[in-house]
Amino acid sequence: EALLRAEIYVPGLWEILTEEARQETDCSGYAMIALTYDDGPAKGTTRRVLNATVCHAAQATFFTIGHRLAKNAELLHREFDGGHSVQSHSWTHDLEKINVKNEAKWEERFNQTMGNMIGTVPIMMRPPGGQDHLFRTAGCTLPMILWETNSQDAAKGDIYPEDMISCSGNAL
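Residues numbered from 1 in each chain as written. Predicted model: local features only at pLDDT ≥ 70, side-chain atom pairs only at ≥ 80, totals over all residues. Heavy atoms only, no water.

1. Some details on the packing of aromatic side chains
- A complete count under the given rule lists 1 aromatic pair for this structure.
- Each ring, one from Tyr37 and one from Phe62, has its centre 5.9 Å from the other, and the planes form 70°; the classification is edge-to-face. One end of the pair, Tyr37, is in strand S1 (residues 36–40); the other, Phe62, is in strand S2 (residues 61–64), with 25 residues separating them in the sequence. (Phe/Tyr/Trp six-rings, centres within 6.5 Å; stacked < 30°, edge-to-face > 60°. Helix = DSSP H or I, 4+ residues; strand = E, 2+ residues; numbered from the N terminus.)

Pasting the structure below:
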């Protein structure tokens, strides 16, 4: 016996959905936010974010950096085993190294590393710095997920779960 878990990027299916399916998946009438966390997994902050999702019965999408996966395997497994979505934030955060040759190599390396660790590969990407044009030009074919509200954690140096909760109110 085994469990099957599937993640589907619905906008990618929009053209083939029936009208009934489109109506059933249309959430435009609801005030919603998506809790996302970038730049992990990292021991301190990722652990606090995961603990906060448990305390608040929340689900999140973790946009992970590929070169951090192996050395933070326990956190990657906590993200995935907790039912969260684990996606790509590139192999590295170094935007100066983005080009066609590197992106193809990084995407393959990311998929192989994550696939070997948790049995799934990313179906979407959050480009570092929101620089989706760099990744598209470099050949990345994953849907790019950007943001509308920013916690400003990079400017603050660190962020705590209560900062995320207060920031999320701005999105509604």
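There is more to say, and it comes next.
2. Points about the pattern of salt bridges
- Taken as a whole, this structure holds 3 salt bridges when the rule is applied.
- In this structure, Asp38 and Arg126 form a salt bridge, with 3.0 Å as the shortest nitrogen-oxygen distance. With Asp38 in strand S1 and Arg126 in the loop between helix H4 (100–118) and helix H5 (132–137), the pair connects residues that are 88 residues apart, well separated along the chain.
- Classification of Arg126 by relative accessible area gives buried; the value is 3%.
- Its salt-bridge partner being Arg47, residue Glu74 comes within 2.9 Å of it at the nearest N-O pair. Of this pair, Glu74 sits in helix H3 (residues 73–81) while Arg47 sits in helix H2 (residues 43–55), and the two are 27 residues apart along the sequence. (Salt bridge = Lys/Arg side-chain N within 4 Å of Asp/Glu carboxyl O. Buried < 20%, exposed > 50% of the residue type's maximum accessible area, 1.4 Å probe, protein only.)

3. Describing empty space enclosed by the protein
- Here the structure, examined in full by the defined rule, presents 1 cavity of 30 Å³ or more.
- Contributing to the lining of the largest cavity are Ser88, Ser90, Trp91, Glu103, Trp106, Glu107, Phe110, Asn111, Pro122, Met125, Cys140 and Leu142.
- Per-element tally for the lining of the largest cavity: the top contributor is H4, with 5 residues.
- Of the residues assigned to the lining of the largest cavity, the class counts are 7 nonpolar, 3 polar and 2 charged. (1 Å grid on protein atoms, 1.4 Å probe; cavity = no way out; pocket = protein on both sides within 12 Å on 5 of 7 lines; lining within 4 Å. Points joined across faces, edges and corners; volume = space filled by probe spheres on them. Nonpolar A, V, L, I, M, F, W, Y, C, P; charged D, E, K, R; others polar.)

4. Some words on H2
- With 13 residues, H2 should cover 18 Å at 1.5 Å per step; its first-to-last C-alpha distance of 18 Å lies within 8% of that length.
- Burial in H2 covers these residues: Thr45, Thr46, Val49, Leu50, Ala52 and Thr53. All buried residues of H2 project into a common sector of 160° when viewed along the axis, lining one side. Exposed residues lying more than 90 degrees from the buried face of H2 are Val54 and Cys55.
- Two residues or fewer past H2, Ala57 is found with a positive phi of approximately 50°. (Expected span 1.5 Å × (residues − 1). Arc of directions from axis to C-beta.)

5. Section: the pairing of strand S3 (residues 85–88)
- In the sheet, S2 pairs with S3 via 4 bridges, with the strands oriented parallel. Within S3, the position partnered with Thr61 by the bridge is Ser85.
- Since S2 and S3 lie parallel, the crossover through H3 that links them has a hand, and here it is right-handed. (Pairing = 2+ DSSP bridges. Right-handed = clockwise from strand over helix to strand, strands pointing away.)

6. So, H4
- In a regular helix each residue adds 1.5 Å, so 19 residues correspond to 27 Å; H4 covers 27 Å between its end C-alpha atoms and thus fits that length.
- Within the sequence span of H4, burial applies to Asn102, Glu103, Trp106, Phe110, Thr113, Met114, Met117 and Ile118. Buried residues of H4 fall within an arc of 105° about the axis and therefore sit on the same side. Turned more than 90 degrees off the buried face of H4, the exposed positions are Val100, Lys101, Ala104, Glu108, Gln112 and Asn116.
- Contacts made by the buried residues of H4 are with S2, H3, S3 and H5.
- In this structure Asn99 caps H4, since a side-chain oxygen of it lies 3.1 Å from the backbone nitrogen of Lys101.
- A positive backbone phi angle near 80° is found at Gly119, which sits one or two residues after H4. (Contact = heavy atoms within 4.5 Å. Polar contact = N/O pair within 3.5 Å; in protein donor to acceptor, adjacent residues only side chain to side chain.)

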